[in-house]
Amino acid sequence: MKGLIFSIEEFAVHDGDGLRTAVFFKGCPLRCRWCHNPEGLLPKPQRIRNHNGCVQCGRCAGACPTSDDCTACGHCAAYCPMGLIRIAGEYWEAADLALRVKRSFPAGVKGGVTLSGGEVFMQPQFLLELLECLKPLHRAIETSAYCAQDVFAQALEKLEFVFMDVKIMDDERHCHYTGVSNQRILANLETLKSSGVPFTIRVPVIAGVNDSLENIRQLGDRLRGCATLRTVELLPYNTMAGAKYPLLDWNYEETFEPPEPSRLNQLADALSQMDIPAKYRRQA
Amino acid sequence: MNDQIRKHLQWIEERQHRKLRRNLMPDEWQRICDEIRDPSKPMAERVTRRLELFLEMEQPVWMEHTHIQGLRTIIEFPDIYAPGEMDEIKTRHFVHEKGKVTNIACDYGTVLTEGLEGRRARLHAGLEQEDEAAKAFAAYTDRTLDAVEQFADRYAQLYEAHGDMARAQALSRAIRYGAQTMEEAMQCFRMIHFSFWAADNYHNTVGRFDQYMYPFYQKDIASGLLDEESALSLIEDFFLSFNVDSDLYYSLQWGDNGQSLMLGGCKRDGSSAVNELTTLAMKASLAIRQIDPKLNLRVDKNTPLALYELGTQLTRMGMGFPQYANDDVVIPGLLRWGYDIEDARDYTVAACWEYIVPNVSMDIVNIDAMPMAEVAHGVISECLPYASTFEDLLQEISCRLHNRALKMVQKHACLYMEPSPMASILMRGFLEAKRDISEGGKYNNYGVHGTGFSCAVDQLAAVRRFVFEEGSVSREELLEALGANFEGHEQLRHRLRTEAPKIGRDEEARMLGNRLLKMFAEALDGLHNERGGCYRAGTGSAMYYLWHSRELPATADGRDAGQPLPANFSPALFITRTGPLSVLRGFALSALPLAVNGGPMTLELHDTVFKAEDSVEKVARLVQSFMLQGGHQLQLNAVNREKMKKAQEHPEEYGDLIVRVWGWSGHFVELDKAYQDQIIARTEFGI
């Protein structure tokens, strides 16, 4: 079956061990207000228009066959003299995509594939089929785990590693900032813990949203003593988060801030005190 | 880095050494010209006299913080040709570049061990029985040896004047009778390399440093004279010596001075040649962060990841080196061209990336270029209307490559090369034979670049897919679009650029690339030059990629008329939806052993890649993967496009931005704008 992919990135250096190819699924059920991959949100192809370097020649508008609503037909891209327009979102057969990834992957070299998004579980059947096709590569996913428990469990059987986001422990605040409840997420975390699949928890840390000691300790309580947990990565809010919104002609008006470095330190220490390996990444 | 080296580095970075230079006075210039530009005298006489004068007029100057003295003070020195004389020579001869002995790798091991008197003894052995030509050669060579020895003596006097009697005596002795220690060997190297440049030879490579210097290192370690730390300092000091004059040594662009150095690989017997100096040299370069000498690293399937990681540390610094060479591809390739196995295993790199054999070879590795993109364009525009199958087009390509190769060989007849007693001293066997190296060496092969390779492949791949397989584009429409430079055919151009198969992304283009590379190599196979040498196909482009692109009309890969071609062995500039793994796989072709004249796969990595904690390991694995898949040569850049754009606007603020252009690293702001734009446009991969 076909799935919608918005990017294939070879040599993704932040997404797992060794050489990694990251495949980004398009479409996400969450609406995290700090999302820095807005082109991954909608489950349909979209036009991406880079305004930097635009010479306002108007040829794209002249070439457009649908005068009002953009259907992402991509007709305009050919007419941009500066090459600033492209379509994000391409439909791939699972077998073709797996072949594309595997063929470029050098034999005998440490590494594998990491499926990311968007949200991979927005396309569950495609995900399962793709994972099957990707054997014998080392397979990882990066997920919010906001999905049905049985699908999550089925996917775990086909995975060698999981990166799971846990954003906010308090359900009300989770709803407020991401648009969805964290009940399913936390339930799936339990499934993950008992699955035997090694995993890393990623926490985007946003000042005043989820950088309290209480939030991190609640997370720690759930993770304490879990042998398959490799580490908790604290990722400070990306101040470049708004960079890609203009490409979609969207506005980004949030004014989030990353936490102070000392706060990140405190959070990492709090986890360490619970015997949970933690690290934090500075902004690139 | 110790305090002394740090001070010396600072002194160089402040450009203090440039203040010690001078221009010749007009009357001095005239006097020299009168002597060396006299057409009635033999060339060898004029070359010899020129070097004598140059070295005599060079005023030794003292650099406070180094043990490797030697600084060129005369900015420009006249060459031996009277006005119009070279043009006249060109009417009778083929002259490659400036007609000089260049791009050779000298026998520094022997020269440093036996000293110049050792060289002289070889010259004089059996000289009595030789003919007049041999005796004349010996006379010029004797004078050259004298000039270099006397030049070194004057530096010895400078040591003496600064109270360093030990080094003064050591230098005068070592230059004549051979170095005893690594420091002496380096000081002698400096005097000799300086003289080699002064002799007007250029692209004077440094060769297999970790091999010829190793016996001196071992001896010093055994005697306790050096430990690893002091050896590292000494190498740092030695490497800095390559940076004091380097801006005076150029051919076409600043930085293109050919001071390339090879590390690692195997010995002449095939065993691993990696030793302590291999890693110390990389560490020294990492510490001083200067663009000279330019490091190359030989690897093979057994090279441990740790060595790649050390190399990656240098890449991360943004040095544009090391450039990697794969023994598993290069050595079989050299054997195919008839190099003896010991010589093939001993290979090193010329100024940029062409593979040469040290000591004995007088190959001309960059004598010409095959314009692959132009050949493909010619065949498509002329033969597409009546070709019945795609195979017909490929056969026509093959014919045209053969025809062009034959014409090339005719063009190279009657070669003129200026004599070089200096180079003859530094190479092996010429003193014994009493013969100048300019007359030819053990190997006299000519290398031919293949420019616009990926453009050629992509043109053909697009035609095969769209015209012959899908029929989605008619022959008439394609040819009309090419003729109109895509005016009114924007949709087709877009399809050609984005949907057509591209080498570095699509498997079918890769297979086609393999065939095309094989055709190019086969077009040269069996051809011989007048010196009995063969022709070597390569994957480099040098400056040809800019020259060849300017005249080239719109091409079937979607490239506009005049738009640049990618440099060397790299994917199309406008390729999208690919990544480093696909690019490396696309260019690790099984036909590469047929075409190892040299020319690197060039991969740009955005410098943010290196901010990940295990980035060094990951990049090292990436390099290793290319080699394990059969890649021949790889050069990685850590670049930041935004920074380069800013540097174009404010060159004054980016004086230290170093980039790699074709085979060498240079300061970005000092490059011509066309080159700057090219670098900015190159495919770059971020995170």
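What you see is a predicted model; the values in this text were computed from it and never measured. (Residues numbered from 1 in each chain as written. Chains lettered and ligands numbered in written order. Predicted model: local features only at pLDDT ≥ 70, side-chain atom pairs only at ≥ 80, totals over all residues. Heavy atoms only, no water.)

Novice: I'm lost on unusual backbone geometry in this one. Help?
Specialist: Among all residues except glycine, the phi angle is most often negative; among peptide bonds, the trans geometry is most common. Cis rather than trans, the peptide bond between Gly 117 of chain A and Gly 118 of chain A has omega equal to 15°. Residue Pro 293 of chain B is reached from Asp 292 of chain B by a cis peptide bond, and omega for that bond is -15°. Mapping Pro 293 of chain B onto the fold places it in the loop between α12 (276-288) and β3 (294-299). Residues other than glycine seldom take positive phi values, yet Phe 11 of chain A does so here, at roughly 60°. Among the secondary structure elements, Phe 11 of chain A is positioned in the loop between β1 (2-10) and β2 (19-25). What makes Phe 11 of chain A buried here is its relative accessible area of 3%. Within the chain, Arg 15 of chain B stands out as a residue other than glycine whose phi angle is a positive 60°. With respect to the secondary-structure elements, Arg 15 of chain B resides in the loop between α1 (3-13) and α2 (26-36). Using a relative accessible area of 32% as the deciding quantity, one classes Arg 15 of chain B as partly exposed. (Helix = DSSP H or I, 4+ residues; strand = E, 2+ residues; numbered from the N terminus. Buried < 20%, exposed > 50% of the residue type's maximum accessible area, 1.4 Å probe, protein only.)

Novice: Would you mind going over the pattern of salt bridges with me for this structure?
Specialist: Between side chains of opposite charge, a pair can form as their charged atoms come close. All names here are of chain B. Following the criterion strictly, the structure yields 74 salt bridges over all chains and no others. Here Asp 3 and Arg 6 are joined by a salt bridge, their closest N and O atoms 3.4 Å apart. Linking Asp 3 with Arg 6, this pair stays in helix α1, spanning 3 residues, or about one helical turn. Judged by its relative accessible area of 43%, Arg 6 falls in the partly exposed class. Note that Arg 268 is salt-bridged to Asp 343, the shortest N-O span being 3.1 Å. (Salt bridge = Lys/Arg side-chain N within 4 Å of Asp/Glu carboxyl O.)

Novice: What am I meant to see in a negative patch on the surface here?
Specialist: There is a patch of like negative charges on the surface, built from Asp 227, Glu 228, Glu 229 and Glu 276 of chain B. For Asp 227 of chain B, a relative accessible area of 44% corresponds to the partly exposed category. (Patch = residues over 30% accessible without salt bridge, like charges linked within 9 Å, V, L, I, M, F, W, Y side chains within 5 Å. Areas by Shrake-Rupley, 256 points an atom, 1.4 Å probe, with all protein chains shown as cover. Lys, Arg positive; Asp, Glu negative; His and termini not counted. Charge placed at Lys NZ, Arg CZ, Asp CG, Glu CD.)

Novice: Can you help me understand the interface of chain B and chain A in this one?
Specialist: If you look at the interface, chain B gives 26 residues, while chain A gives 24 residues. Taken together, the two surfaces of chain B and chain A that pack against each other cover about 2400 Å², and 60% of this comes from carbon and sulfur. In this structure, the connection of chain B to chain A is made through 2 salt bridges. Across the salt bridge formed by Arg 577 of chain B and Glu 90 of chain A, the nearest N and O atoms sit 3.7 Å from each other. Looking at the side of chain B that touches chain A, the elements with two or more residues in it are α22 (490-498), α25 (580-587) and α26 (615-628) of chain B. The element contributing the most residues to the side of chain B that touches chain A is α26 of chain B, with 6 residues. Here the side of chain B that touches chain A is composed, by residue class, of 8 nonpolar, 7 polar and 11 charged. (Contact = heavy atoms within 4.5 Å. Buried area = accessible area lost by both parts, 1.4 Å probe. Nonpolar A, V, L, I, M, F, W, Y, C, P; charged D, E, K, R; others polar.)

Novice: I'm lost on the packing of aromatic side chains in this one. Help?
Specialist: In this description, a pair of aromatic rings is defined by centroid distance and the angle of the planes. Residue and element names in this part refer to chain B. Taken as a whole and judged by the stated rule, the model has 33 aromatic pairs over all chains. Their ring planes at 45° and their centres at 4.4 Å tell us that Tyr 108 and Phe 189 sit as a pair that is tilted. With Tyr 108 in helix α5 (residues 108-124) and Phe 189 in helix α8 (residues 182-198), this residue pair connects regions lying 81 residues apart in the sequence. Looking at Phe 189, the relative accessible area reads 1%, which means it is buried. Aromatic side chains Phe 238 and Phe 239 sit 6.2 Å apart centroid to centroid with 40° between the ring planes, which places their arrangement in the tilted category. For the pair Phe 238 and Phe 239, a shared accessibility class is recorded, and that class is buried. Linked through ring pairs, Tyr 108, Phe 189, Phe 209, Tyr 212, Phe 238, Phe 239 and Phe 242 together constitute an aromatic cluster. Of note, Lys 98 hangs over the ring of Tyr 202, and the distance from its end group to the ring centre comes to 5.0 Å. (Phe/Tyr/Trp six-rings, centres within 6.5 Å; stacked < 30°, edge-to-face > 60°. Lys NZ or Arg CZ within 6 Å of the ring centre and 35° of its normal.)

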